[in-house]
Amino acid sequence: MTPAEADGGTGFTFKRCRWCGTASFRRLLCPVCASSDLETQRSAGPGIVVQSRVVHRGTGVARNESLVRFPEDFVVPCRVVGTPPHLVWVGAEVRTAPGVTEDAGEVCFELCEPAGDDAYYR
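This one's a predicted model, so the numbers in the text were calculated from it and none came from an experiment.

Quick notes on the rules
The numbering scheme is per chain: residues are counted from 1 as the chain's sequence reads. Local features are withheld for residues below a pLDDT of 70 in this predicted model, meaning they are given only at 70 or higher, and side-chain atom pairs are given and counted only at 80 or more; totals for whole chains, interfaces and linings count all residues. Only hydrogens and water are set aside when side-chain values are computed; all heavy atoms of the structure are taken into account. For two strands to pair, DSSP has to find at least two bridges joining them. Helix and strand definitions follow DSSP, with helices as H or I runs of at least four residues and strands as E runs of at least two, each counted in order from the N terminus. Interaxial angle, 0 to 180 degrees, is taken between N-to-C directions of lines fitted to C-alpha atoms, where a helix line uses only the stretch in contact. Any two of the Phe, Tyr and Trp rings considered here, Trp counted by its six-membered ring, make a pair once their centres fall within 6.5 Å; the pair's planes then place it as stacked at under 30 degrees, edge-to-face at over 60, or tilted in between. Any residue under 20% of the maximum accessible area for its type is buried, any over 50% is exposed, and the rest in between are partly exposed; the area is computed with a 1.4 Å probe on protein chains only. One speaks of a salt bridge when a side-chain nitrogen belonging to Lys or Arg is within 4 Å of a carboxyl oxygen belonging to Asp or Glu.

Draft legend 1. Just the sheet that holds strand S7 (residues 93–96), in detail. The strand order around the closed barrel formed by five strands is S4-S5-S6-S8-S7, and the pairing between neighbours is mixed. Sheet twist, expressed as the mean angle between neighbouring strand axes with direction ignored, is 50 degrees. Here two bridges tie strand S6 (residues 75–80) to strand S8 (residues 108–111), and the two strands are oriented parallel to one another. Bridging across to S8, Arg79 finds its partner in Cys108.

Dropping the structure here:
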């Protein structure tokens, strides 16, 4: 269920309830029907950033914290790496970051399209 398990950097594993069909991430029970009968599946494609912010808390360096929605309609809190934190925009497509290990359970993605200097105005 880690981003490193995803194939080709575009897929991402999640859990789907066999009873009601609800997709979720990092859950032991279905958030809708509380069933424990969950199966691991792979996401169909890249995620879309739905919320992004720059934080300075906990470290001396600015970093990005985002919420990413996948086509299966589940949201993953994560960090977007490989680009300056202020250049991550809402609506950007992201994929799993190759070679990035989970640090303290944090999920990391990278932008599918590199951010340019004009990315702020998208």
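Next comes the rest of the account.
Draft legend 2. Structural view of the packing of aromatic side chains. Applying the stated rule across the entire model yields three aromatic pairs. Residues Phe70 and Phe74 carry aromatic rings whose centres are separated by 5.1 Å and whose planes lie at 10 degrees to one another, so their mutual orientation is stacked. Overall, the relative accessible area of 4% leaves Phe70 in the buried class. Classification of Phe74 as buried rests on a relative accessible area of 3%. One aromatic cluster is present, formed by Phe14, Phe70, Phe74 and Phe109 through successive ring pairs.

Draft legend 3. Spotlight on the pattern of salt bridges. Counted under the stated rule, the structure contains five salt bridges. With its nearest N and O atoms 3.0 Å apart, the salt bridge here joins Arg53 to Glu65. Taken together, the positions of Arg53 in strand S4 (residues 47–55) and Glu65 in strand S5 (residues 63–69) put the pair twelve residues apart, joining distant regions of the chain. Assessed through its relative accessible area of 43%, Arg53 is described here as partly exposed. On the basis of relative accessible area, Glu65 is assigned to the buried category, the value being 16%. In this structure, Glu110 engages Arg95 in a salt bridge whose closest nitrogen and oxygen atoms are separated by 2.9 Å. Placement of Glu110 in strand S8 and of Arg95 in strand S7 is noted, with a sequence separation of 15 residues between them. Through salt bridges with shared partners, one network takes in Arg53, Arg63 and Glu65.

Draft legend 4. Quick look at unusual backbone geometry. Backbone geometry at Arg26 places phi at a positive 55 degrees, although glycine is not the residue there. On the secondary structure map, Arg26 appears in the loop between strand S2 (23–24) and strand S3 (38–42). Look at Arg26 and you get partly exposed, because its relative accessible area is 38%. Of note in the backbone geometry, Ala34 takes a positive phi value of approximately 65 degrees without being a glycine. With respect to the element layout, Ala34 can be found in the loop between S2 and S3.

These figures come from the coordinates and say nothing about function on their own.
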